[in-house]
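Structural description and commentary
Spelled out, the chains give:
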Amino acid sequence: MGFLDIRRATKSYGAVKILHETNISVEEGEFLVLVGPSGCGKSTLLNMIAGLEEVTTGDIAIKGRSMNGVRPAERNIAMVFQSYALYPNMNVAKNIAFGLEMHGVPKPERDKAVAQVADLLQITHLLDRKPGQLSGGQRQRVAMGRALVRDPDVFLFDEPLSNLDAKLRVDMRTEIKKLHRKLRTTIVYVTHDQIEALTLSTRIAVMFGGHVQQLGTPKEIYDTPANMFVAGFMGSPSMNLFPATIAVEEGRAVAKARCGGGGEVALPFAEGRGFEAQAGREIVLGLRPEAITDRDGADRQSRAVHVVDVPVEITEPAGSDTFVMAHLGGKEVTGRFRADVDVRPGEVFPFAINMEKAVAFDPTTELRIA
Ligand SMILES: Nc1ncnc2c1ncn2[C@@H]1O[C@H](COP(=O)(O)OP(=O)(O)O)[C@@H](O)[C@H]1O
Ligand SMILES: [Mg+2]
């Protein structure tokens with residue numbers, strides 16, 4: 001039993017199933033991120049934890065107690081939304097203290113709690129201001145302060161950074177991470193941003209079409225995606241996915257793929273992947289951009305870097321890296337090369353491919369097979 005247990009929970013509106021049977025057990029202190037494209041059911045699941053939406057079937061329990069029929073105010077959770085929903089006519093201190101006041105906490109205690117949270121969030125100098133006098137980032141801090149001050153069992157965040165500009169979003173992301181390190185609170189955090197998911201979470205549930213596609217640590221999700229959807233959704237640029245055929249050459253399994261310019265590459269799998277018995281099988285090979293690079297950029301720790309000549313189509317210098325596009329298996333693939341590498345469109349260039357990081361999917365089921 002976890003601290004927060006989602007047990008066979010589903011949600012339907014009439015005949016339409018929005019959330020299929022979902023099981024997630026969250027430990028105390030975990031930072032669980034629900035990530036997926038718009039409309040996949042993230043907010044629905046979060047609202048079910050909060051009690052803003054009823055569970056259609058199944059059950060959600062906090063600290064072993066079923067929350068079915070328990071009103072939101074009695075769940076000891078705090079929620080931070082994308083729209084901060086601050087009271088415009090109250091100053092920051094009042095906004096933060098309001099929930100405590102509603103719960104009948106005496107003023108001296110409220111003042112102390114507000115001071116503590118303001119200190120933690122570095123907004124002490126803003127306590128007398130009205131929300132209209134604050135920047136977006138400051139409002140976001142106040143919204144978090146209002147949640148923190150209640151010392152809840154579970155924090156729920158629904159896309160709290162979506163309204164901030166890119167730079168501020170990155171700063172606030174780091175702030176939230178620091179806050180979690182310091183407080184060790186249990187957090188369920190919704191975002192459509194896969195970078196936020198990877199950087200913040202202790203575990204990620206990747207959702208699509210009302211199904212949890214994969215539940216795992218950021219490393220598990222990134223290195224061993226359960227299916228082609230997760231592979232494509234998590235990571236930027238996306239994992240390269242291209243058709244290949246397994247062959248066995250001198251006792252060694254290789255993935256053969258067509259290559260731009262009419263050639264073919266044969267990429268030997270790292271040992272122990274078990275493909276030797278599967279000659280002739282069609283697969284979709286998955287390689288992250290960083291597993292396709294120039295010779296000097298290749299991972300020295302890997303025992304399965306294979307160099308093949310590939311015609312280069314486009315190069316895109318991006319400051320710290322140069323992205324190099326080429327064709328493999330009829331698909332455009334992207335490699336992440338060193339910034340200073342001298343590679344030009346139109347030339348045939350040695351690509352270093354790290355097959356230790358290669359994953360393979362079944363083209364029909366789209367599930368990872370190795
Ligand atoms: N009250 C409702 N009635 C019917 N359908 C709804 C309702 N609320 C949400 N939905 C549908 O449920 C799906 C999931 O929505 P939501 O959980 O908000 O997705 P997300 O937060 O991942 O973008 C969407 O297809 C949405 O249209
Ligand atoms: Mg949503």
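Since the model is a prediction, treat every value here as computed from it, not as a measurement.

Turning our eyes to something else, we now look at the nonpolar core. In a soluble, globular protein the nonpolar side chains are often hidden away together inside. Among the nonpolar cores identified, the biggest contains 45 residues, and Val35, Ile96, Ile123, Met144, Tyr189, Val206 and Met234 are the most heavily contacted of them. Residues in contact with isoleucine 123, not counting those within four places in the same chain, are Val92, Ile96, Ala118, Arg141 and Val142. Within the second largest apolar cluster, 35 residues are counted, among which are Ile246, Ala253, Ala270 and Ile283.

Glancing now at the site of ligand 1. Close to ligand 1 lie Tyr13, Ile18, Pro37, Ser38, Gly39, Cys40, Gly41, Lys42, Ser43 and Thr44, which account for all nearby residues. Between an oxygen atom of ligand 1 and a main-chain N or O atom of glycine 39, the distance comes to 2.7 Å. In the environment of ligand 1, an oxygen atom lies 3.2 Å from a nitrogen or oxygen atom belonging to the backbone of cysteine 40. Contact with the protein chains covers 56% of the free accessible surface of ligand 1, which is 560 Å².

The strand order E2-E1-E4-E5 describes an open sheet built from 4 strands, whose pairing is antiparallel. Single-partner strands in this sheet number two, and they are strand E2 (16-26) and strand E5 (65-66). Bridging between strand E1 (residues 4-13) and E2 involves 7 bridges; their strand directions are antiparallel. Across the sheet, serine 12 pairs through a bridge with lysine 17, a residue of E2.

Moving on to the domain arrangement of the chain. Per the domain assignment, the segments of the chain are domain 1 (4-233) and domain 2 (240-361). Of note, the centres of domain 1 and domain 2, computed from C-alpha atoms alone, are 39 Å apart. The partner domain 2 presents 7 residues to the 8 residues of domain 1 that form the contact. Of the roughly 690 Å² buried between domain 1 and domain 2 on both sides combined, carbon and sulfur atoms contribute 59%. Counting every contact that joins domain 1 to domain 2 gives 1 salt bridge. Here lysine 357 makes a salt bridge to aspartate 223, at a shortest N to O gap of 3.8 Å. Inspection of the region where domain 1 meets domain 2 yields 2 residue pairs in polar contact (both at pLDDT 80 or more). At the level of elements, helix H7 (218-223) and helix H8 (228-233) are the ones that each hand at least two residues to the side of domain 1 that touches domain 2. Counting residues per element, the side of domain 1 that touches domain 2 draws most heavily on H7, at 4 residues. Broken down by class, the residue content of the side of domain 1 that touches domain 2 amounts to 5 nonpolar, 1 polar and 2 charged.

Attention shifts here to the pairing of strand E8 (residues 186-191). Of all 6 residues that make up E8, 6 are buried, and the element is covered over most of its length. Residues Thr186, Val188 and Val190 point to one face of E8 and Ile187, Tyr189 and Thr191 to the other, with burial holding for every one of them. With 5 bridges joining them, strand E3 (residues 31-35) and E8 adopt parallel strand pairing. The partner of phenylalanine 31 across the bridge, within E8, is isoleucine 187. Bridge count for strand E7 (residues 154-158) against E8 is 5 bridges, and the pairing is parallel. Each residue of the ladder has a partner; that of leucine 156, found in E8, is valine 188.

A few words now on unusual backbone geometry. Omega for the bond connecting serine 236 with proline 237 falls within 30 degrees of zero, at -5°, which places this linkage in the cis form. Even without being a glycine, aspartate 151 presents a positive backbone phi close to 50°. Along the polypeptide, aspartate 151 turns up in the loop between helix H4 (136-148) and E7. In this structure, glutamate 159 is a non-glycine residue whose phi angle is positive, near 45°.

Before going further, it helps to examine the packing of aromatic side chains. For any pair of aromatic rings, the description consists of the separation of the ring centres together with the inter-plane angle of the planes. One pass over the structure, following the stated rule, counts 9 aromatic pairs. Ring centres of phenylalanine 229 and phenylalanine 233 lie 5.5 Å apart, and the angle between their planes is 15°; this geometry places the pair in the stacked category. Residue phenylalanine 229 and its partner phenylalanine 233 are both found in helix H8; the two are separated by 4 residues, about one turn of the helix. Assessed through its relative accessible area of 19%, phenylalanine 233 is described here as buried. Each member of the aromatic cluster is reached from another via a ring pair, and the members are Phe31, Phe155, Phe157 and Tyr189. Just above the ring of tyrosine 222 sits the side chain of arginine 288; from NZ or CZ to the centre is 3.9 Å.

Procedures and definitions
- Residues numbered from 1 in each chain as written.
- Chains lettered and ligands numbered in written order.
- Predicted model: local features only at pLDDT ≥ 70, side-chain atom pairs only at ≥ 80, totals over all residues.
- Heavy atoms only, no water.
- Core = buried A, V, L, I, M, F, W, Y, C linked by side-chain atoms within 4.5 Å.
- Buried < 20%, exposed > 50% of the residue type's maximum accessible area, 1.4 Å probe, protein only.
- Contact = heavy atoms within 4.5 Å.
- Near = heavy atom within 4 Å.
- Polar contact = N/O pair within 3.5 Å; in protein donor to acceptor, adjacent residues only side chain to side chain.
- Areas by Shrake-Rupley, 256 points an atom, 1.4 Å probe, with all protein chains shown as cover.
- Pairing = 2+ DSSP bridges.
- Helix = DSSP H or I, 4+ residues; strand = E, 2+ residues; numbered from the N terminus.
- Domains from an automatic or database assignment.
- Buried area = accessible area lost by both parts, 1.4 Å probe.
- Salt bridge = Lys/Arg side-chain N within 4 Å of Asp/Glu carboxyl O.
- Nonpolar A, V, L, I, M, F, W, Y, C, P; charged D, E, K, R; others polar.
- Phe/Tyr/Trp six-rings, centres within 6.5 Å; stacked < 30°, edge-to-face > 60°.
- Lys NZ or Arg CZ within 6 Å of the ring centre and 35° of its normal.

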